Each structure stands twice: as structure tokens, then as C-alpha cells.
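Remarks on the overall topology
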Amino acid sequence: MPLLDLPAFAAALPPRAAVMGLDPGEKRIGVAVSDTTLLIASSLDTIARTKFSADADAILKLYDARQCAGFVIGLPLNMDGTSGPSAQAARAFARNMLAKRDVPLLLWDERLSTAAVTRTLIEGDASRRRRGEVVDKMAAAYMLQGALDAMQERRA
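Small disclaimer: the values here were computed from a predicted structure and weren't measured.

As for the overall build of the protein
What the protein contains, in helices and strands, is five helices and six strands. Going through the 156 residues of the protein one by one, you find that 43% of them count as buried. Contacts spanning at least 24 positions in sequence make up 65% of the contacts within the protein whose residues lie at least 6 apart. Carbon and sulfur atoms make up 52% of the accessible area of the protein, which amounts to about 8,200 Å² in all.

Details of the nonpolar core
Within soluble globular proteins, side chains that are nonpolar generally end up buried alongside one another. Of all hydrophobic cores here, the largest spans 26 residues; its most connected members are Met20, Leu22, Ile59, Phe71, Ile73, Met97 and Leu105. Among the secondary structure elements, those contributing two or more residues to this core are β2 (18-24), β3 (28-34), β4 (41-48), α2 (52-65), β5 (68-75), α3 (85-100) and β6 (105-109). If you tally residues by element for this core, the top one is α3, at six residues. The residues contacting Ile59, other than those within four sequence positions of it, are Met20, Leu22, Ile29, Ile47, Phe71, Phe93 and Met97. If you look at the next biggest cluster of nonpolar residues, it comprises 20 residues, including Leu4, Val72, Ala140 and Ala147.

Some thoughts on the pairing of β2
Counting buried residues along β2, seven of its seven residues qualify, which places the element largely inside the surrounding structure. The alternating pattern of β2 places Ala18, Met20, Leu22 and Pro24 on one face and Val19, Gly21 and Asp23 on the opposite face, and all of these are buried. The pairing of β2 with β5 spans four bridges and is parallel. Of the residues in β5, the one forming a bridge with Gly21 is Val72. Strand direction decides the pairing type here: β2 and β3, joined by five bridges, are antiparallel. Each residue of the ladder has a partner; that of Asp23, found in β3, is Gly30.

Some thoughts on the pattern of salt bridges
Tallied over the entire structure, the rule returns three salt bridges. Between Arg49 and Asp55 there is a salt bridge, with its nearest N and O atoms 3.7 Å apart. Judged by its relative accessible area of 29%, Arg49 falls in the partly exposed class. In this structure, Arg101 and Asp64 form a salt bridge, with 2.7 Å as the shortest nitrogen-oxygen distance.

What counts, and at which threshold
Residues numbered from 1 in each chain as written. Predicted model: local features only at pLDDT ≥ 70, side-chain atom pairs only at ≥ 80, totals over all residues. Heavy atoms only, no water. Helix = DSSP H or I, 4+ residues; strand = E, 2+ residues; numbered from the N terminus. Buried < 20%, exposed > 50% of the residue type's maximum accessible area, 1.4 Å probe, protein only. Contact = heavy atoms within 4.5 Å. Areas by Shrake-Rupley, 256 points an atom, 1.4 Å probe, with all protein chains shown as cover. Core = buried A, V, L, I, M, F, W, Y, C linked by side-chain atoms within 4.5 Å. Pairing = 2+ DSSP bridges. Salt bridge = Lys/Arg side-chain N within 4 Å of Asp/Glu carboxyl O.

Following this line, the structure appears as C-alpha cells:
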């Protein structure tokens, strides 16, 4: 299955199925999951990056346990909308995930998601250590929630 745009992604999902959000960073992959109504994203886990095959196995274990039906992967575009090295890496990650599991996959613009989550954690007086522990999975949930909200707007 190719990388899909939002309408094609939404149409490819079966009814009442969760989707998994992934925020692949250089050191960690933030993991989030939606509810089966595709309304609410929740942070799930953080996977320390090693080799792609090990990372993918850990992701697919969570994916299968949550009975997910698709992936939303964060695409870190530059502020002017162009693709830099991080966006290229996210696209490669997405293609590699599709090679492991042929499911609906959406690349979603996640500009400033980590910054927004970090700001919220600082406002909540989270320690630097605590922020480091949760920021990746919370950024994945923030990004996934944006995609879910966009799907809801299209349905309305």
C-alpha cells in the first residue's frame, strides 16, 4: 500500500479500529494510539532507537496488541514547508514500515509538536528529567490528535 493522503487514509481504515501514531526521532520513537472511534489520541510508549528491524518489531508488537489498523507518522517539515534531512528520514522510516506491514499509512505534518509539548510540560513545572522521559510519546499523541481532528473535520 502506498503512502496515503488524508482522505485516502480515512477511507482505507475499517470501522471501529484504532490507529497508531509514531514520532520517529534520532534517538527515540514516540508512540501514541487512538481510540477505536478515532476521536482521542493517547500517549503510549517511547522506544529507544537501535536497529530498524528491532525498532519495527517493538512497534509492531504494540500495534498488534492494540489491534491497530494503520499508522500516522510524523513528518517534520521545515517552517517554510520544505523537506529537510529529518523529513527525508521520516519518509524513509515510513517506507520501511510499509515493507514490514502493508497497512494504511499517513505522513502528517508535525511541525512544532515537540516544542508545544515541551512548553506545556514546562508550564506544568515538570522537571527536565521528567520532560525527557515523556516528551517523545506526548509529541506522538499531539501529532496523532492533529490528524484525528483533521479526519473529524472532513466528516463533519
